[in-house]
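Now for the letters of each chain:
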Amino acid sequence: MSTPQERLAELFSPPRLGDLAARLVALLEEHFQAVQARETPVLNWALPAENVARAAAWLDAPGPPTAERFEALVREMLSRGHNLHHPRYIGHQVPASSPLAALFDFVGSATNQVMAIYEMGPWASGVERALVERLGARFGLPAGTFSGLVTHGGSLANLTALLTARNVALPGAWEAGVARPGRPPVLLVQADAHYGVARAAGILGLGTQQIVRVPLDARRRMDPAALDQLLTNFRTLGQPVVAVSACACATPTGAFDPLPEIADLCEKHRVWLHVDAAHGGGAVFSPRYRHLVAGLERADSFICDAHKLLFVPALCAFVFYRRAEDRFEAFRQEAPYLFDPTAPGEVAPYDSGLVTLECTKRAAAYGLWGLWSLFGPQIFADLVETTFDLARRFWERLRTTEDFVPLHEPECNIVCFRYVPARLRGAPPQEIGRFNQQIRRRLMESGRYYIVQTTLDGAAALRTTIMNPLTTDADLAELLEAIREVGRQI
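1. Overview of the environment of A330
Tracing the sequence through the fold places A330 in the loop between strand 8 (317-321) and strand 9 (361-362). For the pair formed by A330 and D223, sequence separation is 107 residues and the distance between their alpha carbons is 29 Å. Every residue in contact with A330, bar those within four places of it in the chain, is listed here: T160, L163, T164, N167 and W174.

2. Some words on the sheet that holds strand 5 (residues 241-247)
Here 7 strands make up an open sheet; going across it, the order is 2-8-7-6-5-3-4 and the pairing mixed. Only two strands of the sheet have a single neighbouring strand rather than two, namely strand 2 (147-151) and strand 4 (211-214). When strand polarity is set aside, the average angle formed by the axes of neighbouring strands in this sheet is 20°. As defined by bridge partners, strand 7 (residues 301-305) adjoins strand 8 across 5 bridges and the pair is classed as antiparallel. Residue pairing across strands places C304 opposite F318, the latter belonging to strand 8.

3. Concerning the packing of aromatic side chains
For any two aromatic rings, the description comes down to two numbers: the centre-to-centre distance and the angle of the planes. Taken as a whole and assessed by the stated rule, the structure comprises 18 aromatic pairs. Taken together, a centroid distance of 5.9 Å and an interplanar angle of 85° make the contact between W174 and F331 edge-to-face. Separated by 157 residues along the polypeptide, W174 in helix 8 (residues 173-176) and F331 in the loop between strand 8 and strand 9 bring together distant segments of the chain. In this structure W174 comes out as partly exposed when scored by relative accessible area, which is 26%. Looking at F331, the relative accessible area reads 12%, which means it is buried. Ring centres of W372 and F380 lie 5.9 Å apart, and the angle between their planes is 70°; this geometry places the pair in the edge-to-face category. Looking at R129, its charged tip hangs above the ring of Y350, at a distance of 4.2 Å from the centre.

4. A word on the environment of V241
Here V241 shows up in strand 5. Separated by 57 residues in sequence, V241 and P184 have C-alpha atoms that sit 9.1 Å apart. If sequence neighbours within four positions are ignored, V241 has contacts with A169, V186, L188, L231, F234 and V271.

5. Thoughts on the pattern of salt bridges
Enumeration according to the criterion identifies 32 salt bridges in this entry. The partner of E411 in a salt bridge is R219, and the shortest N-O contact between them spans 3.5 Å. Remark: R219 occurs in the loop between strand 4 and helix 10 (224-237) and E411 occurs in the loop between strand 10 (404-406) and strand 11 (414-419); sequence separation between them is 192 residues. The exposure class of E411 is buried, given its relative accessible area of 16%. Its salt-bridge partner being E385, residue R288 comes within 3.5 Å of it at the nearest N-O pair. Of this pair, R288 sits in the loop between strand 6 (273-276) and strand 7 while E385 sits in helix 13 (residues 378-399), placing them 97 residues apart in sequence. Relative accessible area serves as the criterion here: at 15%, E385 is assigned to the buried category. Via salt bridges that share partners, R38, R88, D475 and E478 belong to a single interconnected network.

6. Focus: the nonpolar core
As a rule of thumb, soluble globular proteins bury nonpolar side chains together. Counting residues in hydrophobic clusters, the biggest one holds 71 residues, and the most contacted among them are L188, L227, V244, L273, V275, F318 and F320. With sequence-adjacent residues up to four places away left out, F318 is seen in contact with L131, V132, L135, L149, V150, A157, F302, I303, C304, A306 and L368. By size, the runner-up hydrophobic cluster in this structure holds 34 residues, among which are L149, L187, V242 and A278.

Cut-offs used in this document
- Residues numbered from 1 in each chain as written.
- Predicted model: local features only at pLDDT ≥ 70, side-chain atom pairs only at ≥ 80, totals over all residues.
- Heavy atoms only, no water.
- Helix = DSSP H or I, 4+ residues; strand = E, 2+ residues; numbered from the N terminus.
- Contact = heavy atoms within 4.5 Å.
- Pairing = 2+ DSSP bridges.
- Axes fitted to C-alpha atoms, helices over the stretch in contact; angles between N-to-C directions.
- Phe/Tyr/Trp six-rings, centres within 6.5 Å; stacked < 30°, edge-to-face > 60°.
- Buried < 20%, exposed > 50% of the residue type's maximum accessible area, 1.4 Å probe, protein only.
- Lys NZ or Arg CZ within 6 Å of the ring centre and 35° of its normal.
- Salt bridge = Lys/Arg side-chain N within 4 Å of Asp/Glu carboxyl O.
- Core = buried A, V, L, I, M, F, W, Y, C linked by side-chain atoms within 4.5 Å.

Written out as structure tokens, the structure is:
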């Protein structure tokens, strides 16, 4: 029987790492070849109880830690996971991320590069700052005037930015709370805003009942005239407005709000403007689509997820502040066991724990830094334009059919539609919606395609997000045939 020292030596053995890593890469190469060739299901569907039981079975019978067992564990993972790299994955706003980016993330994970203070993660801190500067410049922020950070996901990024807005709009709120005499403060949001914004309002102590949804125009964008009226009304009432939260783009249909007009109004009313550009921010790399985020540089804060349109593994979300000094408004705390008063003055601004909710934070930007350094920024333009163009062609295909109804003209890579066969024409919208939901469920469980659903105008609809640049027009044409086939079965 081995001793604890022998077992620990095996756990940290460089030769063992090299052997298993080589086997892992071979298995992943085999996996991606099969997935990209459409030889596997898109989703390996199983009920939760089955997956829990299967995972528990491995836990209940561990070892021996042989290379063969390692391969068996990896094969189990790959055979039961969601194959986002399958060209027929066209569901949520989660990309077929570049496997090459994951290699850089692996370096950070294997060596456990973390951040909170500069001395714990000097290279990770340098990488993050370099990317903040380069990406901020892409958005049109003047060098030396803005600041930014990376955090774990769009919801946390929105929360961080809105916390900053709350502390600026309600002085003393960090120390004394948000309760104050008079009318309670409100948060004005795009009516289709992601649920993470409402969640932030609850966490920040504003309360979800103090969210005011700004009406939308015919293209499901925030209506500037309605916003102006609301801001005027709240000023007349003397009711504080913490921020206006716009979208670039909104989750349901991918609508981009008219940011220049909204920025004008926020300046007029002296209100903080925040923009959730988690999905659409990546359009800034494309000469043909960057107009969609024009005006983003005028926001007081905005976010952009690299794990969406920049195609790196989750999670890697950027928060930007137009004024560099605002980054210190979110958190007003001291931690003498972390922040060293003897550190050189040029080091302190790189202590990420001062500006993020996380204390220990993984080196989340390695994948993006690696891709950008390998391929240059043009690769991100290629990814954006390939997926946006394909969505446009899909919408045009839908328009030529008699039994599919496109529900909006796409601005990005999101397309919503309904299947309405002849027998359902004239049926109530809710009945058509339920029919489409049934089709979606059967299609997903079959593993043939992965699409999702949403609700538009009170009825369910099918929703696709083209997040794989290897998806083809033929895949989308066959999707329509698959929907028709499942519809006939129902």
